[in-house]
Amino acid sequence: DKANMFPLIQRCCFHTPFKLQKVTGPRLLLHGKNETTWSSLGLQLQRGVCPLLRSPSHNPVSVYAIKLQAFHTSLPFLKKKTPKESETKGILQRSRTALKDSPKPALYLSLAGLIPFVSVPLTMAIQGTYYPALVFSQVMYGAVTVSFIGGMRWGFALPEDSPAKPDWMNLANSTIPPLFAWQALLYKDITSGAIMVILALGVALHYDVSLLPSYPRWFKVLRVVGTVVMTLSLLATLSLKMILEEQLNNSENKLQI
């Protein structure tokens, strides 16, 4: 009878034995890579699967093993952090500690010295107007700052108990940033002058961080932070200069038309 055969086929082909349910529980997922568990699973599947599902071209043990293997995955937050991430966090943490350990007068005076750099692009962005005098004053202040940074190397190398010797390397390199600053003031185009100041800041930072390792760590971190802020301020000024000048030219052309 067809009505009696259907429950029998359903029970034979689609009903999993109780032993198989035990094997495919959490214990199987925790020990998915254990060869003994896979072999026992193969025996249980070979005994419990209906003969009608077997075919010479498909092995039921391999099919069920592949399906169950897909569930054996590690959670993303349990993965170990890469060395690059840990190194970056370590560098940032050491830099913050060095800034906290720096002398308060040096820290506060350095931060106050960044105000003229930041105030120029901020003023033009708020008012939406380009001020050539402000931009020139920013470039001139940058040239003075670069000259001051270059002179610090003379003051560091001249004392008798200084770890830096007053040789050609230290004294001659300290004169290069002031030469860049002087060249920046000779340009008629303020954009070229600002770019020259940015180059001078980069050269001075390279000298202070790489060529004079005897500088304290807090000073090097302070130099990096100050150079980044000054460079970004000059780049922001140049960007605003281009945008505001273009807007002014477009408005003048509309008025002429």
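Note that the coordinates shown come from a computational prediction; the quantities given were computed from them, not determined experimentally. (Residues numbered from 1 in each chain as written. Predicted model: local features only at pLDDT ≥ 70, side-chain atom pairs only at ≥ 80, totals over all residues. Heavy atoms only, no water.)

**Things to note about the pattern of salt bridges**
Summed over all chains, the structure comprises 2 salt bridges. In this structure, Asp-208 engages Arg-223 in a salt bridge whose closest nitrogen and oxygen atoms are separated by 2.8 Å. Of this pair, Asp-208 sits in helix H12 (residues 190-211) while Arg-223 sits in helix H13 (residues 217-256), and the two are 15 residues apart along the sequence. Arg-223 carries the same exposure label as Asp-208, and that label is buried. For the salt bridge of Lys-241 with Glu-245, the shortest nitrogen-to-oxygen distance reads 3.4 Å. Taken together, the positions of Lys-241 and Glu-245, both in helix H13 and 4 residues apart, correspond to about one turn of that helix. Classification of Lys-241 as buried rests on a relative accessible area of 10%. (Salt bridge = Lys/Arg side-chain N within 4 Å of Asp/Glu carboxyl O. Helix = DSSP H or I, 4+ residues; strand = E, 2+ residues; numbered from the N terminus. Buried < 20%, exposed > 50% of the residue type's maximum accessible area, 1.4 Å probe, protein only.)

**Comments concerning the UniProt feature "transmembrane region" (unreviewed entry) in the protein**
The UniProt entry lists residues 106-126, 138-156, 191-209 and 221-244 under the feature "transmembrane region" (unreviewed entry), expressed in the numbering used here. A helix fraction of 95% and a strand fraction of 0% characterise residues 106-126, whose end C-alpha atoms lie 30 Å from each other. Taken end to end, residues 191-209 is 100% helix and 0% strand, and its first and last C-alpha atoms sit 27 Å apart. (UniProt positions renumbered as here; feature names shortened; annotations may be inferred.)

**Description of the packing of aromatic side chains**
The geometry of an aromatic ring pair comes down to the distance between the two centres and the angle between the two planes. For the structure shown, the criterion picks out 4 aromatic pairs. Measuring from centroid to centroid gives 4.8 Å for Tyr-215 and Phe-219, while their planes differ by 65°, and the two rings are edge-to-face. Judged on exposure class, the residue Tyr-215 and its partner Phe-219 are both buried. Plain terms: the ring middles of Trp-218 and Phe-219 are 6.0 Å apart, the flat faces sit at 85° to each other, and that makes the pair edge-to-face. (Phe/Tyr/Trp six-rings, centres within 6.5 Å; stacked < 30°, edge-to-face > 60°.)

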